[in-house]
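Observations on chain architecture
One letter stands for each residue in the lines below.
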Amino acid sequence: MRNFKEKLTSFMYGRYGIDQLYYASFVAFFIVTIFNTIIGSSFLNFLVWVILIWMIFRTLSRNIYKRRMENEKFMRIWNPIKAKGSLNIRRIKEMKTHRFRRCPHCKTVLRLPRKSGKHTVKCPTCKQEFKVRVML
Ligand SMILES: [Zn+2]
């Protein structure tokens, strides 16, 4: 007699399993479900099922290469969004002590001490100077 965990392991052998796209789909599934309890749309109800079936299909898929490609595509879209989000969180957290300005020459975001007035800043990345005005 094999226990459940062993059965599951042998069942999942050679199958794709869980990745970042799986977690993202789960979050999407959750948000749409909650949203749909308020508006009760039959289209959203259908969409919830599509997401759920897609999640299960990907997890159990034996085409590991294709699933990995899907996840990579997703990460290429998701990573810049995540980076932008964490920068914005940092901006808010350090609002009292620092200002963030983009270098007009190389587009690098610089973290500057909060000193009101006009300043000349030298970008550490491209070594070019530019003027910055900090209001408060
Ligand atoms: Zn620069």
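Under an unreviewed UniProt entry, the name given to the protein is Zn-finger containing protein, and the source organism is Paenibacillus crassostreae.

Once that is clear, we can look at helix α3 (residues 42-60). Count 3.6 residues to each turn of an α-helix, and residues three or four apart come out pointing the same way. Between the first and last C-alpha of α3 there are 27 Å, a value that for 19 residues agrees with the 27 Å anticipated at 1.5 Å per step. Those residues of α3 that fall on the buried side of the exposure criterion are L44, V48, I51, M55, R58 and T59. The buried residues of α3 occupy an angular sector of 105 degrees when projected down its axis, which confines them to one face. Pointing more than 90 degrees away from the buried face of α3 are the exposed residues S42, F43, F46, W49 and I53. Contact partners of the buried residues in α3: α1 (4-12), α2 (20-39) and α4 (64-93). Put simply, S41 is the residue that caps the front of α3, since its side-chain oxygen is 3.2 Å from the backbone nitrogen of F43.

A word on the coordination of the zinc ion. Surrounding the zinc ion are the protein donor atoms C103 (SG), C106 (SG), C123 (SG) and C126 (SG), which sit 2.3 Å from the metal. Given 4 donor atoms and angles of 107 to 112 degrees at the metal, the environment of the zinc ion is assigned as tetrahedral. On the primary sequence, the residues serving as donors to the zinc ion are separated as C-x2-C-x16-C-x2-C. Here C106 is found in the loop between β1 (98-102) and β2 (109-113), whereas its partner C126 is found in the loop between β3 (117-122) and β4 (129-134), with 20 residues between them in sequence. Judged by its relative accessible area of 28%, C106 falls in the partly exposed class.

Compared with an ideal rise of 1.5 Å per residue, which puts 20 residues at 28 Å, α2 spans 29 Å between its outermost C-alpha atoms and is within 8% of the ideal. Buried-residue contacts for α2 involve α3 and α4. Looking at where α2 begins, the residue whose side-chain oxygen comes 3.2 Å from the main-chain nitrogen of L21 is D19.

To continue, consider the packing of α2 against α4. Axis separation between α2 and α4 bottoms out at 8 Å; the angle between their running directions is 65 degrees. Taken together, α2 and α4 sit at an angle that is classed as roughly perpendicular. Taking contact as the criterion, the partners of Q20, L21 and A24 in α2 are, on α4, E70, N71, F74 and M75. In terms of residue class, the contact of α2 with α4 is made up of 4 nonpolar, 2 polar and 1 charged.

Calculation notes
- Residues numbered from 1 in each chain as written.
- Predicted model: local features only at pLDDT ≥ 70, side-chain atom pairs only at ≥ 80, totals over all residues.
- Heavy atoms only, no water.
- Helix = DSSP H or I, 4+ residues; strand = E, 2+ residues; numbered from the N terminus.
- Expected span 1.5 Å × (residues − 1).
- Buried < 20%, exposed > 50% of the residue type's maximum accessible area, 1.4 Å probe, protein only.
- Arc of directions from axis to C-beta.
- Contact = heavy atoms within 4.5 Å.
- Polar contact = N/O pair within 3.5 Å; in protein donor to acceptor, adjacent residues only side chain to side chain.
- Donors = N, O, S within 2.8 Å, 3.2 Å for Na, K, Ca; no water.
- Tetrahedral: all angles 85-135°; square planar, octahedral: opposite > 155°, others 65-115°.
- Axes fitted to C-alpha atoms, helices over the stretch in contact; angles between N-to-C directions.
- Parallel < 35°, antiparallel > 145°, perpendicular 65-115°, else oblique.
- Nonpolar A, V, L, I, M, F, W, Y, C, P; charged D, E, K, R; others polar.

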